[in-house]
Amino acid sequence: PDLRKGTMAEKILVVDDEWELRNLLTEFLTGEGYDVIQASNGEEALELAEKEEPQVILLDVNMPGIDGIEVCRRLKEEDKTRFIPIIMVTALEDRDVDAFVEGADDFVTKPFSLVELSFRVKSMLRIKYLTDDLQRSLAYIEELDISFSKNTAESLAPLFYWHRVCIGESVG
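All residue numbers here refer to positions counted from 1 along the written sequence of the relevant chain. At least 70 in pLDDT is required for a residue's local features to be given in this predicted model, at least 80 for side-chain atom pairs to be given and counted, and no such filter applies to totals for whole chains, interfaces and linings, which use all residues. Think of the side-chain values as coming from all heavy atoms in the structure, minus any hydrogens and water.

Draft legend 1. Layout of the sheet that holds strand β2 (residues 35-39). In space, the 5 strands of this open sheet follow the order β2-β1-β3-β4-β5, with parallel pairing throughout. Lying at the two open borders of the sheet, with one neighbouring strand each, are β2 and β5 (106-109). Averaged over all pairs of adjacent strands, the angle between strand axes in this sheet comes to 20°, irrespective of strand direction. Strand direction decides the pairing type here: strand β1 (residues 11-15) and strand β3 (residues 56-60), joined by 4 bridges, are parallel. In the sheet register, L13 faces β3, and the bridge partner there is I57. Whether two residues touch is decided by their heavy atoms; if any such pair falls within 4.5 Å, the residues are in contact. The convention used is that axes are lines fitted to C-alpha atoms, helices contributing only their stretch in contact, and that angles between N-to-C directions extend from 0 to 180 degrees. Helix and strand definitions follow DSSP, with helices as H or I runs of at least four residues and strands as E runs of at least two, each counted in order from the N terminus. Along the sheet face, helix α2 (residues 42-52) touches β1, β2 and β3 and points at about 145° away from the line of β2. Two strands pair if DSSP finds at least two bridges between them.

Here it is in structure tokens:
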């Protein structure tokens, strides 16, 4: 995919309790060609991530209720959402370590440059595409291995039968 400009297939989830920042990010990312969905709290973020399957999540750390670090932890625990790259958006530099421990892929500190944020989103999209390709390849290899094992067992079964007959084992 061409990562210089987003495509409408690339969905970004913006999570922040401050509507001004949500709207600023939505306007900017939409202008970059992304399909942007918004959540104003942690609960809504968890629901939308599961339902919408965004390619990248921009997640504020400080929110009422479930904070961004807890949202990150929960998303990384679920099979369906664990490989979605998460960029933590924080004003608190001392919580960056906590965010990485819980599985965050990157972070930006407020105030941040929209150009820098754009580069970080593109970088996370590259990682997401590579991860998706790797997952598809691993699933294909597993499918081939299962198919090979099944076919091998089926084709060798008569030989095992006759081997057991020839050595005088009881065949039932």
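Draft legend 2. Broad picture of the nonpolar core. With 21 residues, the main nonpolar core has L13, V15, I57, L59 and M88 as its most contacted residues. Those elements giving two or more residues to this core turn out to be β1, β2, α2, β3, α3 (68-77) and β4 (86-90). Among buried residues, the Ala, Val, Leu, Ile, Met, Phe, Trp, Tyr and Cys ones that are joined through side-chain atoms within 4.5 Å form a nonpolar core. Three exposure classes are used, based on accessible area relative to the maximum for each residue type with a 1.4 Å probe and protein chains only: buried under 20%, partly exposed in between, and exposed over 50%. Judged by nonpolar contacts, the second largest core, of 18 residues, contains L21, V56, I87 and V89.

Taken by themselves, the reported measurements are silent on function.
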